[in-house]
Amino acid sequence: METKQEKGSWLRNNLANPELHMTGGIMKLTLDKLAEGGVRNILFTGGGEPLMHPLAIEAMEHAKRNGNVIALYTNGRLLNKRRIGRILELDPLFVRISVYGGNQETVARYTQTSDIHSFEAVIRNIAAMAEEKGRVGSKMNLGLSYLIHPITAGTIDEFADAILRLEHMDQIDYIRFTPAVNYSSGRQHDQKSMEQIFQNIEANVAKRFEGTPIKLKLYYHRLQELNRQKSYTQCRASGWFVEVGPTGDLFLCCETHFKPEYRIGDLKTQSLDEIWRSDLRKSVIARVNNSSCHTCPTLCKPNELNKIFDDVEQFRDAGEIGRVERWAKDLIRYGVECGYCPGKLDDFQS
């Protein structure tokens, strides 16, 4: 079973290898097929930094011309004035910049790189993005994501200092703090230590941002499940996701990328509608539904939906489906309206 790790795409970039990185032709073709198939939202991300692909912004521009809503996950290292300008011209729904520590030494240790200026460059690019967002009056949601790991935990205050010093920090909408997850094995970081880190953020770091426009989001829901067995046994959300591979192949979700037994179709030869209705996709979903969720990585992409669907099934089994109906009506009545997608802005994010 070929995974991203076994293929080596986690560790290195090889833009000359079309099995690991999309060509411009495949990129345009897949974006066109997705738009024709009715896809509205496209998130540009990668098993690494998407802006390392020389055509990443061109692809975002193409998706925008197709009428798609776009968003970007980036580590911010490769942003510059020209790229920031082009991205903001596209009016993305959001840009989220990942941060891996509060000083250069920490970032170098975590990322295992020799780039001696990466932390300073990321902070500088965050500042440039915030300034340009304010200058053009963009409504884009600009967020930062600080990854909590034993290596990065000791420099959170330094990261906070760097952000609080920014001249245009009022253009940053939020900072999320989320635990690092080991997706390749079941061994995670010590639960008690991670909880103490989160408690420190809430007790000390959060106070420093009081009175600022920046909202701090502590992802306790991910922390609580870091070392906990999944509460459900079936992946009822498997049919809600799709991952586009570099060759135009579609996979069931990002956790199954490159695994041939989870391949559901090929956009080079099929329309999205054909793939969605195909016997192959139905058979893959059926196989997933009949297998144990405990074999999948913790905190996988469908996890949050699966928890909701499991609650629905428990209500159904208890003969209380009326509670689900009231729940759905309340979501429609009180949910935050968004012109891009039904529900809240964060529904488009992980």
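Higher on the page you've got the structure.
Basis of the calculations
Residues numbered from 1 in each chain as written. Predicted model: local features only at pLDDT ≥ 70, side-chain atom pairs only at ≥ 80, totals over all residues. Heavy atoms only, no water. Core = buried A, V, L, I, M, F, W, Y, C linked by side-chain atoms within 4.5 Å. Buried < 20%, exposed > 50% of the residue type's maximum accessible area, 1.4 Å probe, protein only. Helix = DSSP H or I, 4+ residues; strand = E, 2+ residues; numbered from the N terminus. Contact = heavy atoms within 4.5 Å. Axes fitted to C-alpha atoms, helices over the stretch in contact; angles between N-to-C directions. Parallel < 35°, antiparallel > 145°, perpendicular 65-115°, else oblique. Left-handed = near helix turned anticlockwise from the far one by under 90°. Nonpolar A, V, L, I, M, F, W, Y, C, P; charged D, E, K, R; others polar. Pairing = 2+ DSSP bridges. Salt bridge = Lys/Arg side-chain N within 4 Å of Asp/Glu carboxyl O. Polar contact = N/O pair within 3.5 Å; in protein donor to acceptor, adjacent residues only side chain to side chain.

The nonpolar side chains of a soluble globular protein tend to be buried, and buried together. Core analysis: the biggest nonpolar cluster contains 71 residues, and Phe44, Ile126, Ile148, Ile163, Ile172 and Phe177 have the highest contact counts within it. The element that contributes the greatest number of residues to this core is helix H6 (residues 118-136), accounting for 6 residues. What Phe177 contacts, discounting residues up to four positions off in sequence, is Tyr146, Ile148, Ile156, Phe159, Phe198, Ile201, Val205, Leu216, Lys217, Leu218 and Tyr219.

Take the packing of helix H7 (residues 156-164) against helix H8 (residues 191-208) next. It is at 11 Å that the axes of H7 and H8 come closest, and there the two elements cross at 25 degrees. What the angle tells us is that H7 and H8 run roughly parallel. Every pair of crossing elements has a handedness; the one defined by H7 and H8 is right-handed. Along the contact surface, H7 presents Ile156, Asp157, Ala160, Asp161 and Leu164, while H8 presents Ile197, Ile201, Val205 and Arg208. For the contact of H7 with H8, the residue count by class is 6 nonpolar, no polar and 3 charged.

Spatially, E1-E2-E3-E4-E5-E6 is the arrangement adopted by the 6 strands of the open sheet, whose pairing is parallel. Only two strands of the sheet have a single neighbouring strand rather than two, namely strand E1 (41-44) and strand E6 (215-218). Geometrically, the sheet is characterised by an average inter-axis angle of 20 degrees between neighbouring strands, direction not taken into account. Where strand E4 (residues 141-148) and strand E5 (residues 174-179) come together, 6 bridges link them in parallel fashion. Bridge pairing in E5 links Ile148 to Pro179. Across the face of the sheet, H8 comes into contact with E4, E5 and E6 while running at roughly 160 degrees to E5.

A few words on the pattern of salt bridges. One pass over the full model with this rule turns up 16 salt bridges. Among the ionic pairs, Arg236 bridges to Asp310, the shortest N-O distance being 3.4 Å. Of the two residues, Arg236 sits in the loop between helix H9 (220-224) and strand E7 (243-244) while Asp310 sits in helix H12 (residues 303-317), which places them 74 residues apart along the sequence. Between Glu320 and Arg323 there is a salt bridge, with the nearest N and O atoms lying 3.0 Å from each other. Its relative accessible area of 42% is what places Arg323 among the partly exposed residues. Each of Glu58, Glu61 and Arg86 takes part in a single network of salt bridges with overlapping partners.

Position of Asp266 relative to the elements: it lies in strand E9 (residues 263-266). Residue Asp266 is classed as buried on the basis of its relative accessible area, which comes to 9%. A polar contact is formed between the side chain of Asp266 and the backbone nitrogen of Lys268, at a distance of 2.9 Å. Excluding anything up to four places from it in sequence, Asp266 contacts Thr247, Gly248, Asp249 and Ile275.

For the pair H12 and helix H13 (residues 321-334), the least separation of the axes is 7 Å and the interaxial angle reads 140 degrees. Between H12 and H13, the angle is such that the two are oblique. Contacts between H12 and H13 involve Ile308, Val312, Phe315 and Arg316 on the former and, on the latter, Ile321, Arg323, Val324 and Trp327. Classifying every residue of the contact of H12 with H13 by side-chain character gives 6 nonpolar, no polar and 2 charged.

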